[in-house]
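If you want the building blocks of each chain, they are given just below.
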Amino acid sequence: MRAKNIVTAFDDEVPGSLKAELTYTVLQTKDQLSIVEVYPKTGRPHQIRVAMKSLGTPIAGDAKYGASLKLLADDGGPAIALFARSFGFEHPITKTRQTVVAEPSLAIYRDFERG
């Protein structure tokens with residue numbers, strides 16, 4: 001039986017599939033973990049998670065897509081090392097461009113910063 005809500009990446013076009021594109025840059029690597037900045041060109045569900053798995057480098061904590069490293073959130077629940085550092089949108093009333101920027105909160109990221 002096929003797992004529910006699992007997306008698969010293919011190298012070649014598959015009839016009925018949707019194209020998903022992204023670019024990425026590896027910013028830093030330490031102890032077999034990397035901080036990667038990802039720029040999706042399309043907005044497919046699970047796009048970043050699927051792409052990283054298909055490269056053989058699943059996101060830390062993402063057991064659904066093959067990660068063996070488990071992470072815990074501050075509340076003790078499961079977490080994956082994926083977050084939006086910044087995103088933008090058009091405000092629905094003022095129609096002005098809004099950009100939100102956040103710093104990562106996972107300890108795994110802070111460990112990178114300490115070198």
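Everything numeric in this text was worked out from a predicted model, so none of it was measured. (Residues numbered from 1 in each chain as written. Predicted model: local features only at pLDDT ≥ 70, side-chain atom pairs only at ≥ 80, totals over all residues. Heavy atoms only, no water.)

**Side note on the overall build of the protein**
Move 1: When you go through the protein residue by residue, the secondary structure sums to 2 helices and 6 strands.
Move 2: Each helix and strand of the protein, placed in order from N terminus to C terminus, yields the pattern β-β-α-β-β-β-β-α.
Move 3: Here the protein holds 115 residues, and the buried ones make up 18% of them.
Move 4: Total accessible area on the protein stands at roughly 9,000 Å², and carbon and sulfur atoms take up 53% of it. (Helix = DSSP H or I, 4+ residues; strand = E, 2+ residues; numbered from the N terminus. Buried < 20%, exposed > 50% of the residue type's maximum accessible area, 1.4 Å probe, protein only. Areas by Shrake-Rupley, 256 points an atom, 1.4 Å probe, with all protein chains shown as cover.)

**Brief notes about the environment of threonine 8**
Move 1: The residue threonine 8 is located in the segment before strand 1 (22–30) in this model.
Move 2: Relative accessible area serves as the criterion here: at 44%, threonine 8 is assigned to the partly exposed category.
Move 3: For the pair threonine 8 and alanine 51, spaced 43 residues apart in sequence, the C-alpha separation works out to 8.7 Å.

**Description of the layout of surface pockets**
Move 1: In this structure, the second largest pocket occupies an estimated 680 Å³ of space.
Move 2: Thr8, Ala9, Phe10, Leu18 and Ala20 are the residues nearest the centre of the second largest pocket, which is lined by 21 residues in total.
Move 3: Among the elements that line the lining of the second largest pocket, the one with the most residues is helix 1 (residues 47–54), at 4 residues.
Move 4: For the lining of the second largest pocket, the residue count by class is 11 nonpolar, 4 polar and 6 charged. (1 Å grid on protein atoms, 1.4 Å probe; cavity = no way out; pocket = protein on both sides within 12 Å on 5 of 7 lines; lining within 4 Å. Points joined across faces, edges and corners; volume = space filled by probe spheres on them. Nonpolar A, V, L, I, M, F, W, Y, C, P; charged D, E, K, R; others polar.)

**A word on the environment of aspartate 62**
Move 1: Positionally, aspartate 62 belongs in the loop between helix 1 and strand 3 (71–72).
Move 2: In this structure aspartate 62 comes out as buried when scored by relative accessible area, which is 2%.
Move 3: When the C-alpha positions of aspartate 62 and isoleucine 80 are compared, they lie 5.2 Å apart, and in sequence the two are 18 residues distant.
Move 4: Beyond its immediate sequence surroundings of up to four residues, aspartate 62 is in contact with Arg49, Ala67 and Ile80. (Contact = heavy atoms within 4.5 Å.)

**Re the packing of aromatic side chains**
Move 1: For the structure on display, the rule yields 1 aromatic pair.
Move 2: Ring plane angle 25° and centroid distance 6.2 Å describe the contact between phenylalanine 87 and phenylalanine 89, whose orientation is recorded as stacked.
Move 3: Taking the relative accessible area as the measure of exposure, phenylalanine 89 reaches 33% and is therefore partly exposed. (Phe/Tyr/Trp six-rings, centres within 6.5 Å; stacked < 30°, edge-to-face > 60°.)

**Quick look at the confidence of the model for the protein**
Move 1: Per-residue confidence for the protein gives a mean pLDDT of 83, with 85% of residues at or over 70.
Move 2: Ranking the helices and strands of the protein by mean pLDDT puts strand 6 (residues 97–101) first, with 95, and helix 2 (residues 107–113) last, with 57. (pLDDT = per-residue confidence, 0-100.)

**Some words on the pattern of salt bridges**
Move 1: What the rule picks out here adds up to 3 salt bridges.
Move 2: Between arginine 85 and glutamate 37 there is a salt bridge; the shortest N-O distance is 2.7 Å. Of this pair, arginine 85 sits in the loop between strand 4 (78–79) and strand 5 (86–90) while glutamate 37 sits in strand 2 (residues 33–40); the two residues are 48 residues apart in sequence, bridging distant segments of the chain.
Move 3: For arginine 85, a relative accessible area of 44% translates into the label partly exposed.
Move 4: A salt bridge links arginine 49 to aspartate 62; the shortest N-O distance between them is 2.6 Å. Residue arginine 49 is located in helix 1, and its partner aspartate 62 is located in the loop between helix 1 and strand 3; the two are separated by 13 residues in the primary sequence. (Salt bridge = Lys/Arg side-chain N within 4 Å of Asp/Glu carboxyl O.)

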